[in-house]
Amino acid sequence: MLLELVLLLITLAIAYALFINRVRGLPPGPPPLPLLGNTLALGDPIDQVMLRWSKQYGPVFTAWLPAPTVVIADYKSLQESVVKQGDLFGDRSVPSVQMKMLVDGEYGLVFNGNYMWKEQRRFALHSLKDVGFLSESLQESVKSYSQHIVSDWKKDGADGKEIDVTHNIMYGVANLIWLLAFGRTVQFGDPKLKVVKDEVNKLFVAFVHPCVPFLEYFPYIGILDPLFGYPIRNMKEVSDSCMDIVRKELDITEKALNYDEDPRCYADSFFIEMRRREEKGEPMGNFTRDQLAVAALDMWTAGFETTVTTLRFAIHHLMSRPEIQRKMQKEIDQQIGQRQISMEDQKALPYCMAAILEIQRLANIVEMNFYRETNQDTVIGGFRIPAKTAILPQFPSVHVDPKNFERPDYFCPERHINDAGEFMKDPRIMPFSLGKRQCLGEGLARMELFIFLTTFVQHCSFSSPTLIPPEIKLIRGITRSPELYTVKITARF
Ligand code: HEM
């Protein structure tokens, strides 16, 4: 009897794995296990796992993570769906249980409720523009931090001392976000910076614990938390600690705010909008303190870790491939000399532009994009997809597909240079994602990457402390980042 029951369960599990996508009318995909779906495969780098599946089942396939998710993993299908039908793919598949547990609701800019994302994204973009996002004065701040960083490195790295570049990079990047979000900067030696960086790192890692996606579908999994080493409690603690920092910063901003003057930052604009609604007796809608706090946290986490990590990858790649570094330096020496580099110099520095694009492709810091959700029935790659289906616009897999890039793991800026020596922007490289939820801070990130990186190699040469440069070891979280490494820095002038 027991044997028969076991055989029956196995048969049912196999039938489920083989036919569930067809029964649900979804695109084919890797056979899912009951309850676990395909989540066990996510232990490997996800850009590669998804690429493998897309080769096996087609560029539009279903993965159960653990809920059924339609993954779009090639450039053409992404363009035809997420870009050309942008309005259909703007909503998120919001992790409501996690948001309720962590911040008491669907607030913020990244995982906020679908009823408010358009309004809050528009408000954030407008208010950032009002306070100088992408303006000449922001560019001046980026330049001044780039100078500060290289002059510190010249001192710290004198006499061949090996250094970890993270702290100085973090200082520059954190201050630019701090300025835009809270209207002030942090002193270089302020221990708050390290706390901030450590907490964001912990948060990013906590979010990708294998138990976390199951919370949405089995909220009672929380009871089993001790069995897995308390990942859910850890995530909550780190999130509370980050929220605490943000709320304190917002208090300082609010106290210094003069409502009769122009806003200095995003938080000012938000407080002013709240006051305006109060005074006019208009409903507060989504302009609440909780929304402001989570939106500021999102801006800070999304804009900080991503940029620092990309720059840390960049220096690791450049120390590992000195000939590429020398080509960048030669171009800068010929075109710019020793003067400060600015965004207007992009055209004059095609090789540097190509190197930055290639570094972003290679680093692929977001190995799995954030989920979206269809807001109407639609067709993707010939498959009819119902409204409210989770969608993964998996651009990172496009970056590692040998069909698009020969030897994708090979660092080769020359891929992006044409015969006339000009930089060729490759639309298939989309580190900031695509469609209506494309990165909100892309302009700032591009400015930081260009000015920081070109200024770094203009002033300094980076070399490996060992004959064979150390391999990059990855810390995997919402973004993947290199583990701590050290580098030798030689001042060029
Ligand atoms: C190298 C740096 C950066 C990279 C690679 C990056 C990448 C991304 C990606 C892949 C997304 C997800 C888009 C999607 O859901 O399809 C995103 C969203 C976002 N990013 Fe960035 N980002 C960077 C820097 C920044 C900066 C500097 C800010 C600061 C303002 C920022 C703010 C945001 C926000 C608020 C979102 C959510 C947008 C939305 O859901 O509407 N990011 N970013």
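Taking an unreviewed UniProt entry as the reference, the protein is identified by name as Cytochrome P450 belonging to Pristionchus fissidentatus. Its UniProt record, at the heading Cofactor (unreviewed entry), says of the protein: "heme".

*Asks:* Go over the environment of Met 299 with me, naming the residues and quoting the values.
*Replies:* By the element assignment, Met 299 lies in helix α12 (residues 289–320). Expressed as a C-alpha distance, the spacing of Met 299 and Tyr 266, which sit 33 residues apart in the sequence, is 9.8 Å. Beyond its immediate chain neighbours, meaning those up to four positions away, Met 299 contacts Leu 109, Ile 177, Ala 181 and Tyr 266.

*Asks:* Explain the pairing of strand β1 (residues 60–64) residue by residue, including any values.
*Replies:* Most of β1 sits out of view: five of its five residues are buried. Side chains Val 60, Thr 62 and Trp 64 of β1 all project onto a buried face; the interleaved residues Phe 61 and Ala 63 project onto the opposite face, where all are buried too. As defined by bridge partners, β1 adjoins strand β2 (residues 68–72) across five bridges and the pair is classed as antiparallel. Bridging across to β2, Ala 63 finds its partner in Thr 69.

*Asks:* Describe the nonpolar core, naming the residues involved and giving the relevant values.
*Replies:* The tendency in soluble globular proteins is for nonpolar side chains to be buried as a group. With 128 residues, the main nonpolar core has Ile 72, Ile 177, Ala 181, Tyr 266, Ala 267, Ala 296 and Met 299 as its most contacted residues. At 17 residues, α12 tops the list of elements feeding residues into this core. Aside from chain neighbours lying at most four places away, what touches Ala 296 is Ala 181, Val 246, Leu 250, Tyr 266 and Ala 267.

*Asks:* Tell me about unusual backbone geometry, and please be specific about residues and values.
*Replies:* Following Leu 65, the chain continues to Pro 66 via a peptide bond in cis, the omega torsion being -10°. The backbone of Ser 433 sits at a positive phi, close to 70°, despite the residue not being glycine. Residue placement: Ser 433 occurs in the loop between α15 (395–399) and α16 (442–459).

*Asks:* Run through the site of the ligand, naming residues and quoting values.
*Replies:* Around the ligand, the structure places 25 residues, and the nearest of them are Gly 303, Thr 306, Ser 433, Cys 439 and Gly 441. Mapped onto the shell around the ligand, the elements with two or more residues apiece are α12 and α16. Per element, the largest residue contribution to the shell around the ligand is seven residues, and it comes from α12. Class assignment for the residues of the shell around the ligand results in 14 nonpolar, eight polar and three charged.

*Asks:* Which residues make up the sheet that holds strand β8 (residues 460–463), and what values go with them?
*Replies:* Judged by pairing direction, the sheet is antiparallel, and its three strands sit side by side in the order β3-β11-β8 without closing on themselves. Strand pairing shows two members of the sheet lacking a second neighbour, β3 (162–163) and β8, which therefore form its edges. Across the sheet, α12 lies against β8 and β11 (487–491), angled at about 75° from β8, the strand it touches most.

*Asks:* Tell me about helix α8 (residues 192–207), residues and numbers included.
*Replies:* Taking 1.5 Å of rise per residue, 16 residues should cover 22 Å, and α8 covers 22 Å from first to last C-alpha, within 8% of that figure. For α8, the full list of buried residues reads Val 196, Val 200, Leu 203, Phe 204 and Ala 206. Projection of α8 onto a plane perpendicular to its axis shows the buried side chains occupying an angular sector of 165°, all on one side.

*Asks:* Can you tell me about the environment of Glu 4, naming the residues and giving the values?
*Replies:* Within the fold, Glu 4 resides in helix α1 (residues 2–24). A residue is classified by how many C-beta atoms lie within 10 Å of it, and Glu 4, with 8 of them, is exposed. Note: C-alpha distance between Glu 4 and Lys 118 (114 residues apart in sequence) is 55 Å.

*Asks:* Explain the environment of Leu 292 to me, using residue names and the numbers behind them.
*Replies:* Looking at where Leu 292 falls in the secondary structure, it is placed in helix α12. For Leu 292, a count of 26 C-beta atoms within 10 Å gives the class buried. Each C-alpha atom, one on Leu 292 and one on Tyr 107, is 8.2 Å from the other, the two residues being 185 residues apart in sequence. With residues up to four places along the chain from it excluded, the contact list for Leu 292 reads Leu 250, Ala 267 and Phe 270.

*Asks:* Give a detailed account of the pairing of strand β7 (residues 390–393), specifying residues and quantitative values.
*Replies:* Bridge analysis of β2 against β7 gives four bridges, and the strand direction is parallel. Residue pairing for β7: Ile 72 is matched across the bridge by Pro 393. Sheet topology places strand β4 (residues 372–373) next to β7; two bridges connect them, and they run antiparallel. Considered in β7, the bridge of Glu 373 is made with Ala 390.

*Asks:* Quick one: what's the story with the UniProt feature "binding site: heme" (unreviewed entry) in the protein, residue by residue and with numbers?
*Replies:* UniProt records the feature "binding site: heme" (unreviewed entry) at Cys 439, using the numbering of this structure. Locating Cys 439 in the fold gives a position in the loop between α15 and α16.

*Asks:* Give me the lowdown on the sheet that holds β2, citing residues and values where you can.
*Replies:* Overall, mixed pairing links the four strands, which are arranged β1-β2-β7-β4 in an open sheet. On the outer flanks of this sheet lie β1 and β4, each paired with one strand and no other. Of the strands in this sheet, β1, β2 and β7 touch helix α3 (residues 75–83), which is tilted by about 115° from β2.

*Asks:* Tell me about helix α4 (residues 96–103), and please be specific about residues and values.
*Replies:* Quick reminder: α-helices carry 3.6 residues per turn. Residues three or four places apart thus point the same way. When α4 is considered as a whole, its buried residues turn out to be Gln 98, Leu 102 and Val 103. All buried residues of α4 project into a common sector of 85° when viewed along the axis, lining one side. Residues of α4 that are buried make contact with α9 (212–215), α10 (231–256) and α12. One or two residues past the end of α4 sits Asp 104, with phi positive at roughly 70°.

*Asks:* Explain the packing of α12 against helix α14 (residues 350–363) to me, using residue names and the numbers behind them.
*Replies:* Where α12 meets α14, the axes come as close as 10 Å, and the angle between the chain directions of the two elements is 105°. With respect to their mutual orientation, α12 and α14 come out roughly perpendicular. Contact residues: Thr 310, Phe 313, Ala 314 and His 317 in α12; Ile 359, Gln 360, Leu 362 and Ala 363 in α14. Within the contact of α12 with α14, the residues separate by chemical class into five nonpolar, three polar and no charged.

*Asks:* So what's going on with the packing of helix α11 (residues 266–280) against α12? Residues and values would help.
*Replies:* Where α11 contacts α12, the axes come no closer than 11 Å and their chain directions differ by 160°. Put simply, α11 runs roughly antiparallel to α12. Remark: the crossing between α11 and α12 carries right-handed chirality. Across from Tyr 266, Ala 267 and Phe 270 in α11, the residues of α12 making contact are Leu 292, Ala 296 and Met 299. Of the residues that constitute the contact of α11 with α12, the class distribution is six nonpolar, no polar and no charged.

The rules we used
- All residue numbers refer to positions counted from 1 along the written sequence of the respective chain.
- A pLDDT threshold of at least 70 governs which residues receive local features in this predicted model, and a stricter bar of 80 or more applies before side-chain atom pairs are shown or counted, although totals over entire chains, interfaces and linings include all residues.
- UniProt positions are given in the numbering used here, feature names are shortened, and annotations may be inferred rather than shown by experiment.
- For helices the rule is a DSSP run of H or I covering at least 4 residues; for strands it is a run of E covering at least 2, with both sets numbered from the N terminus onward.
- By definition, residue pairs are in contact when their C-beta atoms, positioned from the backbone, come within 7 Å.
- Three exposure classes are used, based on other C-beta atoms lying within 10 Å of a residue's own C-beta, which is placed from the backbone: buried for 20 or more, exposed for 12 or fewer, and partly exposed in between.
- Strand pairing follows a simple DSSP-based rule, namely that at least 2 bridges must link the two strands.
- For the purposes of this analysis, a nonpolar core is taken to be any set of buried Ala, Val, Leu, Ile, Met, Phe, Trp, Tyr and Cys residues that are connected through C-beta atoms within 7 Å.
- What makes a residue near a molecule or strand is its C-beta atom, placed from the backbone, lying within 6 Å of it.
- Any residue that is not Ala, Val, Leu, Ile, Met, Phe, Trp, Tyr, Cys, Pro, Asp, Glu, Lys or Arg is counted as polar, Gly included; the first ten are nonpolar and the last four charged.
- Inter-axis angles, ranging from 0 to 180 degrees, are taken between N-to-C directions of lines fitted to C-alpha atoms, where helices are fitted over the stretch in contact.
- Here the expected length of a helix is defined as 1.5 Å per residue gap, with one fewer gap than residues.
- To obtain the arc, one takes the directions from the helix axis to the C-beta atoms.
- Here the angle decides the label: under 35 degrees means roughly parallel, over 145 means roughly antiparallel, 65 to 115 means roughly perpendicular, and every other value means oblique.
- We call a crossing left-handed when the near helix sits turned anticlockwise from the far one by less than a right angle, and right-handed when that turn is clockwise.

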